Amino acid sequence: DLARAHGLVACWSVPFHDTAGRVTGTVAIYPDNTRSPLSSQRTAIEAIAQLAAVAVEHRRVDEKFRLFQAAIENLNDVVMITEASPIDVPGPRISFVNPAFERMTGWSLAEAIGRNPRFLQGAETDRAVLDRVRAALDSHVPIRVELLNVDRAGRRYWIEMEISPVRTPEGAVTHFIAIERDVTERRHLEEQLRESQKMEAIGQLAGGIAHDFNNMLTAISGFAELLQVDLRDSSAETREHVLEIQRAASRSADITRKLLAFSRRQMLQPRVVDLNVIVDEMRRLLERVLDESVRQMLHLAPEPVTATVDPGQLEQVLLNLVVNARDAMPGGGTLTIRTAIVALSDEYAAAHVGVVPGNYAMLLVGDTGGGMTPEVRARIFEPFFTTKGDRGGTGLGLSTVIGIVKQSGGHVWVYTEVGHGTTMKVYFPLASEAITPVVPGDVTVEGVRTGTILVVEDEELLRSLIRRMLERAGYTVLAAGDGNSAEALLAAHTGPLDLLLTDMVLPGENGRLVAEAVLRRRPGTPVLYMSGYTEDVIVDHGVLQEGINFLEKPFTQQDLLGWITKILPTP
Ligand code: ADP
Ligand code: MG
């Protein structure tokens, strides 16, 4: 219309080509013919020059655009562009997503376009975080959050997302760009790390308390034991009182032992065992623990599943797991025990804090009981954590398990689902050596005892207890509180010395140094060490070195004399 109104006669037109040579558009110029032809031509030439400049600029923009496009399509992070309307307005929202989006969510570009991004979130997504996002977007400020999303297949995953407003050159916000990545694995590892740090801290605390308690308990039960003898002629009631003290002390010692196990300071006496054999030997005991309503499924590996563990402690681990499985199935169900040799891959190790890839001996205990909520699951290894307060739960079962397993170089993997059951897998490093034969049990011998024993113990109460226990049995006792006084005693002692009984942990020194000093004066003297927990002096990572005599605290007079008899046979 314009052209007709002005009676235009000439028209310049230039096609636009894309890089493949296709015509994508045309620019037409209609010079104003009402002016002089010359000026008309000049105008046209200027216009073409401008057009050429625009074309060059267009090509540059085009190249830049293709580079951006390729970069974003190749990016491993998800890029999502949304329209800048309020986030909770229904209707078209997503304008663009890159291919990484489909890899992460399972939804294709075509399916996502036009939808509100909230369709990616589930019922468990934290509403407070969404509100923060919303507030940031409304005020056009960038925000970075972590969010729980659900993919097309229903998998829950965590994303880290940073959203920024996209502004026009004039400053208007027309879109938002979100960059997202899956951080599920990272969060999982962080959680494991937090848990292991927490357990480490609790372990140190528990270990410290248990150590001091052990000394006190040894004194309490030891003196009660002596008292029991002194009160031979007293009334039955009086003797019963002393018995009660002994019972209480022994129950307390049981708790401290479990705490020591948890804090991995328990003395272990490992040897190479076959998990199959241990499970098999325990069968009768396990049957007694279980109800008839519980069906047992035993799957033992066809080949020996060997690990270097303390067999007594391994039995404890199995028993604790089975008892928990039973408790989880009050109405009956299926208990599964399985052994296997498994290879843990680099990938598995990368996803599990503290796991070294390699071959492992696995012991699995599974139940079809009530399972655990994530809140319970997070705390099961804590000492004294129990959900069975009303049913006499102590909360020490699994803390003992984790302590024993970790001290043996293994780890525990827990899988649980509320209403479906729980599976616990215990992994020990696979042992390649042959199975160690079983050593004969302890010896206790009654009889007249003679001989001189040097006792080094810093805890005064214990020192006098041990002195009395030994003297009553007939031994001559030299007692010292530290290495120096022990040496001084020895220097003044002209008679024979038959045995050194020393604490492993002494203030400022250790039992091994004391023993060396004593052996310099009296070569060949046998040494019996005592301790409430493991110390690297004698013990290598909680494993007793070969040929060392070791008496675990707390001990009874029986234990003490039993050991001494082993070393100093009664004539
Ligand atoms: P206790 O058995 O004395 O409660 P544990 O340390 O053995 O202590 O277990 C701690 C808690 O872990 C239990 O109270 C229970 O809530 C949970 N638990 C352990 N094993 C299972 C299991 N197999 N199924 C369900 N919950 C379990
Ligand atoms: Mg238990």
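Everything quoted here is computed from the prediction, not taken from an experiment. (Residues numbered from 1 in each chain as written. Chains lettered and ligands numbered in written order. Predicted model: local features only at pLDDT ≥ 70, side-chain atom pairs only at ≥ 80, totals over all residues. Heavy atoms only, no water.)

Novice: What exactly am I supposed to notice about the packing of helix α7 (residues 236-262) against helix α12 (residues 397-407) here?
Specialist: For any two helices packed against each other, one specifies the crossing angle of their axes together with the interaxial distance. The geometry of α7 relative to α12 is characterised by a closest axis approach of 7 Å and an angle of 45° between their N-to-C directions. When the axis of α7 is compared with that of α12, the two are oblique. Between α7, through Lys258, Ala261 and Phe262, and α12, the contact on the second element is made entirely by Ser399, Thr400, Ile402, Gly403 and Ile404. Here the contact of α7 with α12 is built from residues that sort into four nonpolar, three polar and one charged. (Axes fitted to C-alpha atoms, helices over the stretch in contact; angles between N-to-C directions. Helix = DSSP H or I, 4+ residues; strand = E, 2+ residues; numbered from the N terminus. Parallel < 35°, antiparallel > 145°, perpendicular 65-115°, else oblique. Contact = heavy atoms within 4.5 Å. Nonpolar A, V, L, I, M, F, W, Y, C, P; charged D, E, K, R; others polar.)

Novice: Please explain the packing of aromatic side chains as it appears in this structure.
Specialist: Here the structure, examined in full by the defined rule, presents four aromatic pairs. A ring pair is formed by tyrosine 360 and tyrosine 427, whose centres lie 6.1 Å apart and whose planes are at 85°; its orientation type is edge-to-face. Here tyrosine 360 is found in strand β12 (residues 358-367), whereas its partner tyrosine 427 is found in strand β14 (residues 421-429), with 67 residues between them in sequence. The class for tyrosine 360 is buried, based on a relative accessible area of 7%. Overall, tyrosine 427 belongs to the buried group, its relative accessible area being 4%. (Phe/Tyr/Trp six-rings, centres within 6.5 Å; stacked < 30°, edge-to-face > 60°. Buried < 20%, exposed > 50% of the residue type's maximum accessible area, 1.4 Å probe, protein only.)

Novice: Would you take a moment to explain the site of ligand 1 for this structure?
Specialist: Around ligand 1, 19 residues are found, and the nearest of them are Asp367, Thr386, Thr387, Lys388 and Leu398. Between glycine 395 and ligand 1, the recorded distance is 2.9 Å, taken from a backbone N or O atom to an oxygen atom. Here threonine 422 contributes a side-chain N or O atom positioned 3.3 Å from a nitrogen atom of ligand 1. Of all the secondary-structure elements, those providing two or more residues to the shell around ligand 1 are α9 (311-328) and α12. Residue contributions to the shell around ligand 1 peak at three residues, all from α9. (Near = heavy atom within 4 Å. Polar contact = N/O pair within 3.5 Å; in protein donor to acceptor, adjacent residues only side chain to side chain.)

Novice: Sorry, what's going on with the nonpolar core here?
Specialist: Generally speaking, nonpolar side chains in soluble globular proteins are found buried as a group. Among the nonpolar cores identified, the biggest contains 45 residues, and Leu318, Leu335 and Val412 are the most heavily contacted of them. The biggest single contributor to this core is α9, with six residues. Judged by nonpolar contacts, the second largest core, of 25 residues, contains Phe101, Val133, Ala136 and Ile159. (Core = buried A, V, L, I, M, F, W, Y, C linked by side-chain atoms within 4.5 Å.)

Novice: For this particular structure, what's the right way to read the packing of helix α6 (residues 184-230) against helix α13 (residues 460-473)?
Specialist: α13 packs onto α6 with a crossing angle of 35° between their chain directions and a minimal axis gap of 9 Å. Remark: the crossing between α6 and α13 carries left-handed chirality. Taking contact as the criterion, the partners of Asn215, Met216, Thr218, Ala219, Gly222, Phe223, Glu225, Leu226, Val229 and Asp230 in α6 are, on α13, Leu461, Leu462, Ser464, Leu465, Arg468, Met469 and Arg472. Tallied by class, the residues present in the contact of α6 with α13 amount to nine nonpolar, four polar and four charged. (Left-handed = near helix turned anticlockwise from the far one by under 90°.)

Function cannot be inferred from these measures alone, as they are strictly geometric.
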